[in-house]
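The chain contents come next:
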Amino acid sequence: MHTATSPARTSATSGARRHGTPAASDPNLASIARKVANGRRLSIEDGAALYATPDTWSVCALADLVRRRMHGDIAYYNVNRHLNYSNVCALSCTFCSFYRKAGQDGAYEHSIDQIREEAAAAAAAGATEIHIVGGLHPHLPFDYYTEMLRAITAVAPRLHIKAFTAVEIVHFARISKRGRDKYEGLKAVLRDLVAAGLGSLPGGGAEVFDDRVHDRAFKGKIRAGTWLDVHRAAHELGLNTNATMLYGHIESRAERIRHMDILRRQQDRTLGEWARDSGIGLQSGDAVVLTGPPELYPGPRLPEAGRCRRGFFQAIIPLPFIPDDSSLQHLPGPTGLENLRTIAVARLMLDNFPHVKAFWIMQTLELAQFMLLNGADDIDGTVVWYDITKVGTTSTHQETTAWDLQRAIREAGLRPVERDTLYRPIDRDGNTWRVSTPAECPAQLRHP
Ligand code: V47
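Here we summarise the structure given alongside this text.

## Overview of the site of the ligand
The local shell around the ligand holds 23 residues, among which Lys162, Gly203, Gly205, Glu207 and Lys357 are the closest. Between an oxygen atom of the ligand and a main-chain N or O atom of Gly203, the distance comes to 2.8 Å. Within the complex, 96% of the 620 Å² of free accessible area of the ligand lies under protein. Every element with two or more residues in the shell around the ligand is listed here: β7 (241-247) and β9 (313-320). Classifying every residue of the shell around the ligand gives 12 nonpolar, seven polar and four charged.

## Quick look at the pattern of salt bridges
Scanning the model with the defined rule gives 28 salt bridges in all. Ionic pairing is found between Arg41 and Asp268, a salt bridge with its closest N-O pair at 2.7 Å. Taken together, the residues Arg41 in the loop between α1 (30-37) and α2 (44-52) and Asp268 in helix α10 (residues 253-277) connect sequence positions 227 residues apart. A single burial state applies to Arg41 and to Asp268, both of which are buried. Taking the shortest distance from any N to any O, the salt bridge between Lys221 and Glu207 comes out at 2.5 Å. Here the residue Lys221 occupies a position in the loop between α8 (211-217) and α9 (224-236), and Glu207 occupies one in the loop between β6 (198-200) and α8, the gap between them amounting to 14 residues. In this structure, Lys221 and Glu207 share a single accessibility class: buried. A single network of salt bridges, built from pairs that share partners, joins Lys187, Asp229, Arg232 and Glu236.

## What about the packing of α2 against helix α11 (residues 336-349)?
Direction vectors running N to C along α2 and α11 enclose 155°, while the axes themselves pass 10 Å from each other. Relative to α11, the element α2 is oriented roughly antiparallel. Note that α2 runs across α11; the crossing there is right-handed. Taken together, the residues of α11 that come into contact with α2 (itself represented by Ile44, Gly47, Leu50, Tyr51 and Ala52) are Glu338, Arg341, Thr342, Val345, Leu348 and Met349. For the contact of α2 with α11, the residue count by class is seven nonpolar, two polar and two charged.

## Side note on the environment of Lys390
Here Lys390 shows up in the loop between β12 (383-385) and β13 (397-399). Here Lys390 falls in the partly exposed class, since its relative accessible area comes to 30%. The spacing of Lys390 and Asp324 is 66 residues in sequence and 8.4 Å in space, taken between C-alpha atoms.

## Some words on helix α6 (residues 166-175)
For an α-helix, the turn length of 3.6 residues means that residues three or four places apart are oriented alike. By the criterion of burial, α6 is predominantly enclosed, with eight of the 10 residues buried. Within the sequence span of α6, burial applies to Ala166, Val167, Glu168, Ile169, Val170, His171, Phe172 and Ala173. The secondary structure elements touched by the buried residues of α6 are β4 (129-133), α5 (142-155), α7 (182-196) and α9. Just beyond α6, the residue with positive phi is Lys177, at close to 50°.

## Concerning unusual backbone geometry
For Lys177, which is not a glycine, the phi torsion comes out positive at approximately 50°. Within the element layout of this structure, Lys177 appears in the loop between α6 and α7. Residue classification places Lys177 among the exposed residues on the basis of a relative accessible area of 72%. Even without glycine at this site, Asp325 takes up a positive phi of about 65°. Residue placement: Asp325 occurs in the loop between β9 and α11.

## Remarks on the side chain of Asn352
Mapping Asn352 onto the fold places it in the loop between α11 and β10 (355-356). In terms of polar contacts, Asn352 uses its side chain to reach the side chain of Asp268, at 2.8 Å.

## Re the sheet that holds strand β14 (residues 415-418)
The pairing of strands in a sheet comes from backbone hydrogen bonds and takes either a parallel or an antiparallel form. Taken in spatial order, the three strands line up as β11-β2-β14 in an open sheet, and their pairing is parallel. Among the strands making up the open sheet, the edge pair consists of β11 (378-381) and β14. Averaged over all adjacent pairs, the angle separating strand axes in this sheet is 25°, with direction ignored. As paired strands, strand β2 (residues 74-78) and β11 are joined by two bridges and run parallel to one another. Within the sheet, the bridge partner assigned to Asn78 lies in β11 and is Gly381. Against the sheet, helix α14 (residues 402-411) makes contact with β2, β11 and β14, and its axis sits at roughly 165° relative to β2, the strand it touches most.

## What to know about the packing of aromatic side chains
Across all of its chains, the model carries 14 aromatic pairs by this definition. Measuring from ring centre to ring centre gives 6.1 Å for Tyr85 and Tyr144, while their planes differ by 55°; the resulting arrangement is tilted. Residue Tyr85 is located in the loop between β3 (80-84) and α4 (112-124), and its partner Tyr144 is located in helix α5; the two are separated by 59 residues in the primary sequence. Here Tyr85 falls in the buried class, since its relative accessible area comes to 0%. Aromatic pair Phe95 and Phe218: ring centres 6.0 Å apart, planes at 70°, arrangement edge-to-face.

About the thresholds
Residues numbered from 1 in each chain as written. Predicted model: local features only at pLDDT ≥ 70, side-chain atom pairs only at ≥ 80, totals over all residues. Heavy atoms only, no water. Near = heavy atom within 4 Å. Polar contact = N/O pair within 3.5 Å; in protein donor to acceptor, adjacent residues only side chain to side chain. Areas by Shrake-Rupley, 256 points an atom, 1.4 Å probe, with all protein chains shown as cover. Helix = DSSP H or I, 4+ residues; strand = E, 2+ residues; numbered from the N terminus. Nonpolar A, V, L, I, M, F, W, Y, C, P; charged D, E, K, R; others polar. Salt bridge = Lys/Arg side-chain N within 4 Å of Asp/Glu carboxyl O. Buried < 20%, exposed > 50% of the residue type's maximum accessible area, 1.4 Å probe, protein only. Axes fitted to C-alpha atoms, helices over the stretch in contact; angles between N-to-C directions. Parallel < 35°, antiparallel > 145°, perpendicular 65-115°, else oblique. Left-handed = near helix turned anticlockwise from the far one by under 90°. Contact = heavy atoms within 4.5 Å. Pairing = 2+ DSSP bridges. Phe/Tyr/Trp six-rings, centres within 6.5 Å; stacked < 30°, edge-to-face > 60°.

Structural measurements only, silent on function.
Next up, the structure:
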């Protein structure tokens, strides 16, 4: 195993501001606390112990230690807009209340003109990112999607387009009838989308990487291997991506841990290839643990950034299941403490993911704020419209201001940093902004 920087010199207790020694009340946590202090990888059994312990606070304190070691007192937000171009979907996932069938009451699809207008409005309001996802529309041609990207790029060239889950990318490969080789077909689709203006992939559609859960809750959707292939293809093309985990429905905690382990093993391979490209001799299968400050792990890369050829997973976003109006609405959904613990466990298990995002729309801003003290370093952005889930509102207008996000972060004792999609800091004066450091390859991965 290699660490991206020398393991931090802190002891397991030094980051536990509120609770003294994190492992104090449950002896089962002692060996985990030692591993965390030394920047060593936690096992699947450790993950199970973090979920099983009644001592939630120590789990949270350990996650906070890691989060502070990686990000100090910084917490990120962005000025963005989400856009859901259509809710018409060929799939019928039981957890989803968003989808409609073509022609059904409430089904919609935005025209390219509407999307262009929305992008122009986002840019005029100072957004740096537009985050676009939709259902698997049975009739829209592939051209609709490339045209959408071109229209946005023409009217808002500085807006970073983070768009389309892996599930949509596979759908595009099917409707555009790409070759016989599935993997090359995915890459061809991604190349077309990048040429039209795509900047990165969001983390949606991962759900829980488990066949049992798949067959009961989202049968018909792509399975884990295909989701991972799309992200691998995107990384090979130089795109950064995110990953999600939809939890708190019919999956078990053990299945969540396996999901996290699958993600970190794929990130190991990606970072390992990146390190080899940079002349660092990692062996295949080596774990790469990130323990140091942000400037020392693989930084932002754009496809056109010449020598920076590979992308990677930037953030893990645990998404709590919201039962309302879905076919699983008889389930209670996760509790606040389970949400808090899951963010903490994700921070501890996904040691090679630079960022953990508490998506305030689904967590609520109140809980997302709390999560900044328990593993999360990012709360997403101003959002504006969000159709997929609604918590405590019947409207899809779900907007917050940069000021509200900054206040939430400051009140948690942290320093708000506005970022762009690639986690570069933004200097802002009203609706005018610029990236405050140029995109460049980061310092090399270090290992002892
Ligand atoms: O793929 C659907 C999930 C995802 C429900 O990459 C639900 O920065 C909870 O992926 N309850 C879309 N979750 C959202 C998403 C996302 C959000 C914020 C940031 C990023 C990022 C990605 O929402 C879907 C699905 O997994 N979802 N229905 C529900 N009832």
